[in-house]
Amino acid sequence: MEAKSRKSACSTTAQGKGFSYCLSESEAGSDASALKTKAERKGDGWVINGSKKWISNAGESEFYTVIAQTDPSLGSKGITAFVLEKSDAGVSFGAPEKKMGFRGSPTREVYFDNVEIGDDRRISEVGKGFALAMDTLDHTRITIAAQALGIAQGALDFAKKYSHERKQFGKEIFDFQGVQFMLADMAIAVETARQITYAAAAKSERLDKDLKFFSATSKTYATDVAMKVTTDAVQILGGYGYVSDYPVERMMRDAKLTQIYEGTNQIQRIVIARNLP
Ligand SMILES: Cc1cc2nc3c(=O)[nH]c(=O)nc-3n(C[C@H](O)[C@H](O)[C@H](O)COP(=O)(O)OP(=O)(O)OC[C@H]3O[C@@H](n4cnc5c(N)ncnc54)[C@H](O)[C@@H]3O)c2cc1C
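Attention in this report is confined to the structure presented alongside it. (Residues numbered from 1 in each chain as written. Predicted model: local features only at pLDDT ≥ 70, side-chain atom pairs only at ≥ 80, totals over all residues. Heavy atoms only, no water.)

## Some points on the overall build of the protein
Our working rule: Counting from the N terminus, the helices are DSSP H or I runs at least four residues long and the strands are E runs at least two residues long. A simple rule labels every residue: compare its accessible area, found with a 1.4 Å probe on the protein chains alone, to the largest value its type can have, and call it buried under 20%, exposed over 50%, or partly exposed in between. Contact criterion: two residues are considered in contact whenever any of their non-hydrogen atoms come within 4.5 Å of each other. Residue burial considers only the protein chains on display, and all accessible areas are found by Shrake-Rupley using a 1.4 Å probe. Only four residue types enter the charge count: Lys and Arg as positive, Asp and Glu as negative, with His and the chain ends excluded. All charge positions are set by atom: Lys at NZ, Arg at CZ, Asp at CG, Glu at CD.
Secondary structure summary: the protein contains 5 helices and 9 strands in total. Listed N to C, the secondary structure of the protein is β-β-β-β-β-β-β-α-β-β-α-α-α-α in terms of helices and strands. When its C-alpha atoms are laid out on the principal axes, the protein stretches across 80 × 40 × 35 Å. Burial analysis of the protein (277 residues in total) assigns 43% to the buried set. For the protein, restricting intrachain contacts to residue pairs at least 6 apart in sequence, the fraction spanning at least 24 positions comes to 73%. Just so you have it, the protein exposes about 14,200 Å², and 55% of that area is on carbon and sulfur atoms. Across the protein, the mean location of the 37 positive side-chain charges is 2 Å away from that of the 35 negative side-chain charges.

## Observations concerning the nonpolar core
Let me state the cut-off plainly: Nine residue types can take part in a nonpolar core, namely buried Ala, Val, Leu, Ile, Met, Phe, Trp, Tyr and Cys, and a core is a set of them joined through side-chain atoms within 4.5 Å.
With 31 residues, the main nonpolar core has Leu183, Met186, Val229 and Ile236 as its most contacted residues. Within the residue set of this core, elements represented by two or more residues are α1 (129–165), α2 (177–206), α3 (211–237) and α4 (248–258). Considering every element that reaches this core, the biggest residue donor is α1, with 10 residues. Sequence-distant contacts of isoleucine 236, defined by excluding residues within four places in its chain, comprise Ala159, Tyr162, Ser163, Ile173, Val179, Met182, Leu183 and Met186. Formed by 16 residues, the second largest nonpolar core is a distinct cluster that contains Val66, Ala68, Val110 and Phe112.

## Some thoughts on the pairing of strand β7 (residues 107–118)
Our working definition: Strand pairing is assigned whenever DSSP detects at least two bridges linking the two strands.
Here β7 lies mainly inside the structure; 9 of its 12 residues are buried. Bridge count between strand β3 (residues 45–56) and β7: 9 bridges; the pairing is antiparallel. Across the sheet, residue glycine 45 finds its bridge partner in β7, namely glycine 118. As paired elements, strand β6 (residues 91–93) and β7 share 3 bridges and run antiparallel to each other. Across the sheet, valine 91 pairs through a bridge with phenylalanine 112, a residue of β7.

## Looking at the pattern of salt bridges
Note the following rule: Salt bridges are defined as contacts in which a side-chain nitrogen from Lys or Arg sits within 4 Å of a carboxyl oxygen from Asp or Glu.
This model, assessed by the stated rule, comprises 20 salt bridges. A salt bridge links lysine 52 to glutamate 25, with the nearest nitrogen and oxygen atoms 2.9 Å apart. Of this pair, lysine 52 sits in strand β3 while glutamate 25 sits in the loop between β1 (19–22) and β2 (38–42), and the two are 27 residues apart along the sequence. The burial state of lysine 52 is the same as that of glutamate 25; both residues are buried.

## Side note on the packing of aromatic side chains
Applicable threshold: Note on ring pairs: Phe, Tyr and Trp rings are taken, using the six-membered ring of Trp, and paired if centres are within 6.5 Å. Classes follow the plane angle, with under 30 degrees stacked, over 60 edge-to-face and the rest tilted.
Per the stated rule, a full pass over the model turns up 9 aromatic pairs. Plain terms: the ring middles of phenylalanine 102 and tyrosine 261 are 5.8 Å apart, the flat faces sit at 65 degrees to each other, and that makes the pair edge-to-face. Taken together, the positions of phenylalanine 102 in the loop between β6 and β7 and tyrosine 261 in the loop between α4 and α5 (265–274) put the pair 159 residues apart, joining distant regions of the chain. Here the two residues phenylalanine 102 and tyrosine 261 agree in accessibility, since each one is buried. Taken together, a centroid distance of 6.0 Å and an interplanar angle of 70 degrees make the contact between phenylalanine 158 and tyrosine 246 edge-to-face. You can see phenylalanine 158 sitting in helix α1 and its partner tyrosine 246 sitting in the loop between α3 and α4, a full 88 residues away along the chain. What makes phenylalanine 158 partly exposed here is its relative accessible area of 21%. Its relative accessible area of 26% is what places tyrosine 246 among the partly exposed residues. Joined through ring pairs, the aromatic side chains of Phe158, Tyr162, Tyr240 and Tyr246 make up one cluster.

## So, the pairing of β2
One ladder, built from 5 bridges, connects β2 with β3; its direction is antiparallel. From the neighbouring strand, arginine 41 faces β3, where its bridge partner is tryptophan 46. Between β2 and β3, which pair antiparallel in sequence order, lie 2 residues; one of them, glycine 43, sits at a positive phi of approximately 60 degrees.

## Thoughts on the side chain of arginine 108
Our working definition: Polar contact is defined as a pair of N or O atoms within 3.5 Å, subject to the rule that within protein one atom must be able to donate a hydrogen and the other to accept it, and that residues adjacent in sequence are counted only when both atoms are side-chain atoms.
With respect to the helices and strands, the residue arginine 108 is situated in strand β7. Assessed through its relative accessible area of 16%, arginine 108 is described here as buried. A distance of 3.3 Å separates a polar side-chain atom of arginine 108 from the backbone oxygen of glycine 94.

## Description of the site of the ligand
Inclusion rule: Proximity is defined per residue: any heavy atom of the residue falling within 4 Å of a molecule or strand makes that residue near it. Using a 1 Å grid laid over the protein atoms alone, points where a 1.4 Å probe fits but cannot get out form a cavity; open sets with protein on both sides within 12 Å along at least 5 of 7 lines form a pocket; any residue with an atom within 4 Å of a point counts as lining. Think of it this way: a molecule belongs to a cavity or pocket when more than half its atoms come within 2 Å of the grid points there. Ten residues, namely Ala, Val, Leu, Ile, Met, Phe, Trp, Tyr, Cys and Pro, are considered nonpolar, four, namely Asp, Glu, Lys and Arg, are considered charged, and the remaining ones, Gly among them, are considered polar.
The ligand sits among 18 residues. The nearest are Tyr21, Ser24, Ser30, Trp54 and Thr264. Between a nitrogen atom of the ligand and a side-chain N or O atom of serine 24, the distance comes to 2.7 Å. Within the contact set of the ligand, a nitrogen atom lies 2.7 Å away from a backbone nitrogen or oxygen of tryptophan 54. When atom positions are compared with the pocket grids, the ligand is found to occupy the largest pocket. Elements with a minimum of two residues in the shell around the ligand: β3 and α5. Grouping the constituent residues of the shell around the ligand by class yields 9 nonpolar, 7 polar and 2 charged.

Shown next as structure tokens:
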């Protein structure tokens, strides 16, 4: 296919514009190093071909961090990171995915068809892109822990309020010990998730040596808590929890994603095991 006209240094400033992170591909999810998107040298620049799957805010963001293979013979040591722009010739997007939750944020495929860029769009050393992508996740996984924590706190707050409003057998459902114990367990989980998330965030700021362990632990713990707490919130609302008139069913659907993206919780446990204190 004919190469598109090349754009060099980013044509717009990053201020106020979104960035999407393009690592995953249809055949490279948990095994991200199996990615096939190619960046080939052309003169003093690069030509990018391939596609990325599941990209959050794709089509909305102006900028795309793209992790691409520059030397397949070197495996994960042949991967390099670039920045592409939405307006670059050859960049296009798939239809929005129809998702269980997180519907407020579009998720699309991103396609690269002979996208020509200058070397000033390369943001890692050649061959160091995979290491950069993994190091980035050490920081960004904590933001997923924070997202999960917010969802869990919202579900707990709503369930607590509802338990004082809803009456059965002539009293507030809060007065039943079975409900109180559920709320107590939810509060224990939310508070411990908050502490590990804040601890991990402080380690991210300080670049502490044990960041990898804390980052993966906070993501795993807070997201598992979000799933459990939102499910229990639906239970406390009974039938009303199961319908969209109340917000907890949405929280439960949103919580599910946090266990999957930015590395599944199975993958997090591998990271944790490899970085045990
Ligand atoms: C809504 C949404 C938004 C997303 N946003 C982005 C984004 O912006 N950018 C981006 O790059 N990606 C994004 N992703 C992709 C996400 O990170 C991947 O879906 C995730 O890493 C899992 O990859 P996969 O879906 O291919 O699952 P697979 O890797 O196929 O995994 C399937 C199952 O096998 C398990 N598994 C795989 N390998 C192992 C192992 N070694 N040990 C134990 N269990 C294993 C997994 O835990 C999982 O349960 C998004 C995904 C979704 C759904």
